[in-house]
Amino acid sequence: MMVQITGATKLLGVMGYPIEHSLSPVMHNAALQALAIQNSADYLEYVYVPWSVHPEALSTVVSSLAKLGCSGFNVTIPHKQGIMPLLTEITAIAQGVGAVNTVWSTASGWAGTNTDVQGFISPLQGLQRDWFSLTPCILGSGGAARAVLAGCAQLGCPHVHLIGRQPQKLQLLQKVGTLAWGLGVQTHLWQDLPALLPQIDLLINTTPVGMFPHTQDSPLSVAEVDLLPATAIVYDLIYAPNPTVLLTYTQTSGRIAINGLEMLVQQGAAALSLWLGQPAPVATMRQALQACFVD
Ligand code: NAP
């Protein structure tokens, strides 16, 4: 049974450039349908649509959405920074990360936050670990690495290692980690990684290495994965393919492997509950995403 869109249905969405690949509409519309059925609603209260928005059009689109009565939206690459000057309110977490992925309407304009941090830590919070005594290592120094840095601080890790290929980017993130989150951040180039691995408890891949269509690539060789402690967790932010080669090596070696799908689900659930003011149907959102990967 489908609950219908009517003249009273309100608007949610996601803007990016490109946007065609986004799985957010599948996940959010499954949740909105499930909630309407659960509430025996006679029409769909919200619908979630994708918008392909060129960076030059961002400001015009955002003010037009206010005029259309849009309730809120997600922003993805390349707008996570560009949206910030267009908001009247930004949460401390989004300011610290330096990026916004979720926007909602307020009486004085658009407000924004970053739910990637909550999405990232969610699968880790279920593991019984003393994060204060554990050492994470983040591979990559781009946008996702910023949210992961904030997540490591929220978990309680006092210091992290950061691996990248551009010293300037590494230095910038080291500053963000220290100033925004009080983290000790040690930066390294990739050639230093093998020597570090025996002391790493949580290895997080925030690079696109291994992502579709380059599914045979891996940021670590099987021998390098074996250098990690036997209790180490390997977390790959990539969700397609599932598992990546990195996570296949991890699983084969008996270590804990976490893929990026749950982060995607949980950042979406956090955004949806913010827009609706009620808990999101997380299981429905997870199921809708998993169905996208069934051959
Ligand atoms: P980004 O801003 O472009 O950053 C990518 C980082 O990876 C950069 O530091 C880049 O290095 C590095 N990198 C790229 N190719 C590399 C290579 N061949 N070798 C070594 N380093 C390489 O991208 P992002 O937004 O952070 O996203 C990164 C990944 O995270 C993507 O796979 C994305 O799908 C995933 N992600 C998943 C979720 C989720 O919900 N699961 C959320 C966000 C992101 P340079 O800086 O030197 O170019």
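Values in this document were obtained by computation on a predicted structure and should not be read as measured data.

Colleague: So, the domain arrangement of the protein: which residues are in play, and what are the values?
Modeller: Accessible area lost when the parts come together is the quantity often used to give the size of an interface. Looking at the protein, the domain boundaries give domain 1 (10-114 + 265-291) and domain 2 (118-259). One C-alpha centre belongs to domain 1, the other to domain 2, and the line joining them spans 27 Å. Between domain 1 and domain 2, the contact holds eight residues from the first and 10 residues from the second. Roughly 740 Å² is buried in total at the junction of domain 1 and domain 2, and carbon and sulfur atoms are behind 68% of that figure. Three residues stand out in domain 1 for area buried against domain 2, namely Ile93, Val97 and Gln266, and they jointly supply 53% of the buried area on that side. Across the contact surface, domain 1 and domain 2 share zero salt bridges. Elements with a minimum of two residues in the side of domain 1 that touches domain 2: helix 3 (92-97) and helix 10 (261-276). Element by element, the count of residues in the side of domain 1 that touches domain 2 is highest for helix 3, at four residues.

Colleague: Quick rundown of the pairing of strand 2 (residues 46-52)? Include the residues and the values.
Modeller: Two elements, strand 1 (residues 10-16) and strand 2, share seven bridges in a ladder whose sense is parallel. Looking across to strand 2, one finds that Lys10 is bridged to Tyr46. Where the polypeptide runs from strand 1 across helix 1 (residues 24-38) and back to strand 2, its parallel neighbour, the crossover connection is right-handed.

Colleague: Explain the sheet that holds strand 11 (residues 233-236) to me, using residue names and the numbers behind them.
Modeller: Strand order in this open sheet of six strands is 9-8-7-10-11-12, and the pairing throughout is parallel. Edge positions in the sheet fall to strand 9 (184-189) and strand 12 (256-258), since each of these pairs with one other strand and no more. Sheet twist, expressed as the average angle between the axes of neighbouring strands with direction ignored, equals 20 degrees. Both strand 11 and strand 12 contribute to a ladder of three bridges, which runs parallel.

Colleague: Give me the lowdown on the nonpolar core, citing residues and values where you can.
Modeller: Counting 27 residues, the largest nonpolar core has Leu12, Leu32, Leu272, Trp275, Leu276, Met285 and Leu289 as the members making the most contacts within it. Of all elements in the fold, only strand 1, helix 1, strand 2, helix 10 and helix 11 (282-292) reach the threshold of two or more residues within this core. In terms of residue count, helix 10 provides more of this core than any other element does, eight residues in total. Counting 25 residues, the second-largest nonpolar core is a separate cluster that includes Leu124, Leu155, Leu170 and Leu237.

Colleague: Just give me the short version of the layout of surface pockets, but keep the residues and values in it.
Modeller: Each pocket or cavity is described by its volume, and for the largest pocket that value is around 1,500 Å³. Residue lining of the largest pocket: 48 residues in total, with Ile77, Lys80, Ala144, Thr206 and Met211 positioned closest to the centre. Of all elements in the fold, only helix 1, strand 3 (72-75), helix 5 (143-155), strand 8 (159-164) and helix 10 reach the threshold of two or more residues within the lining of the largest pocket. Counted by class, the lining of the largest pocket contains 23 nonpolar, 21 polar and four charged residues. Counting contributing residues, the lining of the largest pocket receives three or more from each of domain 1 (10-114 + 265-291) and domain 2 (118-259). Each pocket or cavity is described by its volume, and for the second largest pocket that value is around 180 Å³. Every residue lining the second largest pocket is listed: Leu32, Leu35, Ala36, Asn39, Ala41, Tyr43, Leu44, Glu45, Tyr46, Leu276 and Gln278.

Colleague: Mind laying out the packing of aromatic side chains, listing which residues take part and the relevant values?
Modeller: Scanning the model with the defined rule gives five aromatic pairs in all. Ring centres of Tyr48 and Trp275 lie 6.1 Å apart, and the angle between their planes is 45 degrees; this geometry places the pair in the tilted category. Placement of Tyr48 in strand 2 and of Trp275 in helix 10 is noted, with a sequence separation of 227 residues between them. Taking relative accessible area as the criterion, Tyr48 reaches 1% and is therefore assigned buried. Note on Trp275: relative accessible area 9%, which makes it buried. On the basis of an interplanar angle of 75 degrees and a centroid distance of 5.0 Å, the ring pair of Phe73 and Trp110 is categorised as edge-to-face. Taken together, the residues Phe73 in strand 3 and Trp110 in strand 6 (residues 109-113) connect sequence positions 37 residues apart. When sorted by exposure, Phe73 lands in the same class as Trp110, which is buried. Within the aromatic cluster, the residues linked to one another by ring pairs are Trp51, Phe73 and Trp110.

Colleague: Kindly report on the site of the ligand, identifying the contributing residues and their values.
Modeller: Taken together, 21 residues sit near the ligand, with Ser141, Ala144, Arg165, Lys169 and Gly260 positioned nearest. Measuring from an oxygen atom of the ligand, one finds a backbone N or O atom of Ser141 at 2.8 Å. At a separation of 3.2 Å, an oxygen atom of the ligand approaches a polar backbone atom of Gly142. Taken by itself the ligand offers 930 Å² of open surface, and the protein chains cover 74% of this. Cavity membership is defined here by more than half of the atoms lying within 2 Å of grid points; on that basis the ligand lies in the largest pocket. Of all the elements in the fold, those that place two or more residues in the shell around the ligand are helix 5 and helix 10. Split by residue class, the shell around the ligand holds 11 nonpolar, eight polar and two charged.

What counts and how
In every chain, residue numbers begin from 1 and rise along the written sequence. The predicted origin of the model limits local features to residues at a pLDDT of at least 70 and limits the giving and counting of side-chain atom pairs to 80 or more, whereas totals for whole chains, interfaces and linings rest on all residues. By convention in this description, side-chain values take in all heavy atoms of the structure and omit both hydrogens and water. As annotated, the domain borders come from an automatic or database domain assignment. Whether two residues are in contact is decided by their heavy atoms, any of which lying within 4.5 Å being enough. In short, buried area is how much 1.4 Å probe accessible area vanishes from two parts on joining, totalled over both. Here a salt bridge means any side-chain nitrogen of Lys or Arg lying within 4 Å of a carboxyl oxygen belonging to Asp or Glu. Only DSSP runs of H or I with at least four residues qualify as helices, and only runs of E with at least two residues qualify as strands; both kinds are numbered from the N terminus onward. Pairs of strands are assigned from DSSP output, requiring at least two bridges between the strands. Assignment of crossover handedness uses the view with strands pointing away from the viewer, where a clockwise path from the first strand over the helix to the second indicates a right-handed crossover. To obtain each axis, a line is fitted to C-alpha atoms, and for helices this fit is confined to the stretch in contact; angles are then taken between N-to-C directions over 0 to 180 degrees. Nine residue types can take part in a nonpolar core, namely buried Ala, Val, Leu, Ile, Met, Phe, Trp, Tyr and Cys, and a core is a set of them joined through side-chain atoms within 4.5 Å. Between buried and exposed lies partly exposed: a residue is buried under 20% and exposed over 50% of the maximum accessible area for its type, with that area taken using a 1.4 Å probe on protein chains only. In this analysis the probe radius is 1.4 Å and the grid spacing 1 Å, with only protein atoms considered; a cavity is a set of points the probe fits into but cannot get out of, a pocket is an open set with protein on both sides within 12 Å along at least five of seven lines, and lining residues have an atom within 4 Å of a point. Grid points are joined across faces, edges and corners, and a volume is the space filled by probe spheres set on the points. Residues are grouped as follows: Ala, Val, Leu, Ile, Met, Phe, Trp, Tyr, Cys and Pro are nonpolar; Asp, Glu, Lys and Arg are charged; all remaining types, including Gly, are polar. For Phe, Tyr and Trp, rings pair up if their centres lie within 6.5 Å, where Trp contributes its six-membered ring, and each pair is then called stacked (planes under 30 degrees apart), edge-to-face (over 60) or tilted (otherwise). Here a residue is near a molecule or strand as soon as one of its heavy atoms is found within 4 Å of it. Contacts described as polar in this section are N or O atom pairs within 3.5 Å, which, within protein, must combine one atom able to donate a hydrogen with one able to accept it, while residues neighboring in sequence count only if both atoms come from side chains. Using the Shrake-Rupley algorithm and a 1.4 Å probe, accessible areas are obtained, with residue cover drawn only from the displayed protein chains. By definition, a pocket or cavity contains a molecule when more than half of the molecule's atoms lie within 2 Å of the pocket's grid points.

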